[in-house]
Amino acid sequence: MKPSLPKGTRDFGPLQIRKRNYIFEIIRNTFEIYGYQPIETPAMENLSTLTGKYGDEGDQLLFKILNNGDYLAKADTGALAEKDSKKLLSSISKRGLRYDLTVPFARFLSMNRNELSFPFKRYQIQPVWRADRPQKGRFQEFYQCDADIAGSTSLVYEAELIEIYDKVFAALGLNVKIRLNHRKLLQAFAEHGGLADRFSEFTTALDKWDKTGEQGFREDLKNLGASLDKIDLLIDLINSSVDNESELQTLAQYEIGRAGLDEIAKVRSFLDTEHIQNKVVVDLTLARGLSYYTGCVLEVESKDAKMGSIGGGGRYDDLTGVFGFQGISGVGISFGAERIYEIMEELQLFPELKPSATQVLFLSFDKEDLLYSKKWQSALIRNNIAAEIYPEPAKLKKQFKYAEGTGVPFVAIVGKNERENNSVQLKDQNTGEQQEVNLEQLIDLLG
RNA sequence: GUGGUUGUAGCUCAGCUGGUUAGAGCACCGGAUUGUGGUUCCGGGGGUCGUGGGUUCAAAUCCCAUCAUCCACCCCA
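First, a word on scope: everything that follows refers to the structure included in this document. All values reported here derive from a predicted model rather than from experimental measurement.

1. Observations concerning the sheet that holds strand β3 (residues 64-65)
Right, so step 1: Ordered by their spatial adjacency, three strands build an open sheet running β2-β4-β3, and the pairing between neighbours is antiparallel. Of all strands in the sheet, those bounded by a partner on one side alone are β2 (44-46) and β3.
Right, so step 2: Note that β2 and strand β4 (residues 95-97) share three bridges and pair antiparallel. Each residue of the ladder has a partner; that of M44, found in β4, is L97.

Now the structure itself:
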């Protein structure tokens, strides 16, 4: 049969894994230094945990897992006869693959509320699955790296998360723009345009601003029933407010706007601005689709590559309410590892990484050399030096080719002369320099 | 879910106004080279031309369907 992969999934070779781990390590270390604790949750959740949390579109993109056994025996026969897939679903599938890390986290919190100390800071680096149509930087299986704080409304955390974004991207060598907004500002904004009653449609139109531009936005608002002069008012505000904080004061004439501005100001006051390397801007056009956000929202985009957002997050006042755990406010961010990877690849930002950790490879001419090599290898490994032997005596050319393919920095050549001298010929693969060394010297050189 | 793109060797692709036995580069294997690879030279293996159907004396090439891929939209990381 012809081997193939399911749509939107990928294998990762050794070098890719090294590169991915490089990204994960930087993110993980940053999470750790701010005191976040690691958790993991299962790839699959009960479907009831997942459905209804991401809107209708989200439900469509959930991977459902068919029940085991004779699942048709218990199927809703009525729905089956009517070919009503939606109705049939609950009777043939009770589990699904997780769609993000936030909802499983909320479920986790609710189940473990008595064991955890709040505020609880957790991070989680795991794959998620979406039945989306793949395209550039978008897959059906991809990793998210999330950090969230549950059980505190302090704006210290918003500032902390912005700092984490800044630190991680600075460490990765990526120039980014961190966009910041507040749902309350959006509400004031909607009110300003007389669209308070069409809030969610308004935010979707706003969110598309980067793509549709002024013209498209005008169209969208017209369709929402906004009056022409109000539309002009809104557009003026957008055009003047980006990167210009003082213009935001227009929104202060609304009570909710004042509240939003106040919170943003507090977040800014907590920011360690002196050490922030990337741009943090308040951007009124940032809305974010996920409807559970209630406070600050943020999103990160690369300044050097054309790609969707490479991270996003925000505050949700009622994180765990649906699971019966009331009064828990949460705020968190997510890194899109796949997109970060693609941008770093494009900009060649990865350090030089080798697929294998092997420091030295032993090459031999005959069986006795091989035996001798094996002993030396064992000695090196006892000294915690990664060493390999070529598994059989072969033409040196062939052995050298293998050495080149694995990128091992040193080879140790063993022949009759070396055995008699109790030594090996150690060759530096980069410079081509070669010297005869004994075991002690070798351990010293590579240790 | 909507629109478009591309499917030919392990990889990247050429061949496409239908016409012998389908090509190149890279990779791989062997040799020049029985104690030193990356350069060079010589030789070699490897293809149901995505799949199914149709048109034709003749299809990688034209038509239809289907699957896959990538890209854009919706949405998102």
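2. Some words on the pairing of strand β14 (residues 410-414)
Right, so step 1: With four of its five residues buried, β14 lies for the most part within the structure.
Right, so step 2: Summarising the sheet, strand β12 (residues 360-364) and β14 pair through five bridges and their orientation is parallel. Across the sheet, residue F362 finds its bridge partner in β14, namely A412.
Right, so step 3: Sheet analysis places β14 next to strand β15 (residues 424-428), joined by four bridges and oriented antiparallel. In the sheet register, I413 faces β15, and the bridge partner there is Q425.

3. A word on the nonpolar core
Right, so step 1: One finds F169, L221 and F335 to be the most contacted residues of the largest nonpolar core, which totals 73 residues.
Right, so step 2: Setting aside anything within four residues of it in sequence, one finds L221 in contact with L195, F202, A205, A226, I231 and L234.
Right, so step 3: Core analysis: the next-biggest nonpolar cluster, separate from the first, contains 16 residues, F362, A387, L426 and L442 among them.

4. Quick look at the pairing of β15
Right, so step 1: Burial runs high along β15: four of the five residues are buried.
Right, so step 2: Sheet topology places β15 next to strand β16 (residues 434-437); four bridges connect them, and they run antiparallel. Within β16, the residue paired with L426 across the bridge is Q435.
Right, so step 3: Taken together, β15 and the strand that follows it, β16, pair antiparallel across an intervening segment of five residues, in which G432 is found at a positive phi of about 85°.

5. As for unusual backbone geometry
Right, so step 1: For the bond running from F118 to P119, omega is 0°, close enough to zero to count as cis.
Right, so step 2: Here P119 shows up in the loop between α6 (102-111) and β5 (120-129).
Right, so step 3: Positive phi outside glycine occurs at N422, with the angle close to 60°.
Right, so step 4: Relative to the helices and strands, N422 is located in the loop between α16 (416-421) and β15.
Right, so step 5: Judged by its relative accessible area of 51%, N422 is exposed.

6. Comments concerning the packing of aromatic side chains
Right, so step 1: Applying the stated criterion to the full structure yields 17 aromatic pairs.
Right, so step 2: Relative to F325, the ring of F118 has its centre 5.9 Å away and its plane inclined at 70°; by these criteria the two rings are edge-to-face. Linking F118 in the loop between α6 and β5 with F325 in the loop between β10 (311-316) and β11 (330-336), this pair joins segments that are 207 residues apart in sequence.
Right, so step 3: Given the relative accessible area of 11%, F325 is considered buried.
Right, so step 4: Taken together, a centroid distance of 5.9 Å and an interplanar angle of 45° make the contact between Y293 and Y316 tilted. One end of the pair, Y293, is in the loop between β8 (279-282) and β9 (296-302); the other, Y316, is in strand β10, with 23 residues separating them in the sequence.
Right, so step 5: Judged by its relative accessible area of 7%, Y293 falls in the buried class.

So, how was this worked out
Residues numbered from 1 in each chain as written. Chains lettered and ligands numbered in written order. Predicted model: local features only at pLDDT ≥ 70, side-chain atom pairs only at ≥ 80, totals over all residues. Heavy atoms only, no water. Pairing = 2+ DSSP bridges. Helix = DSSP H or I, 4+ residues; strand = E, 2+ residues; numbered from the N terminus. Buried < 20%, exposed > 50% of the residue type's maximum accessible area, 1.4 Å probe, protein only. Core = buried A, V, L, I, M, F, W, Y, C linked by side-chain atoms within 4.5 Å. Contact = heavy atoms within 4.5 Å. Phe/Tyr/Trp six-rings, centres within 6.5 Å; stacked < 30°, edge-to-face > 60°.

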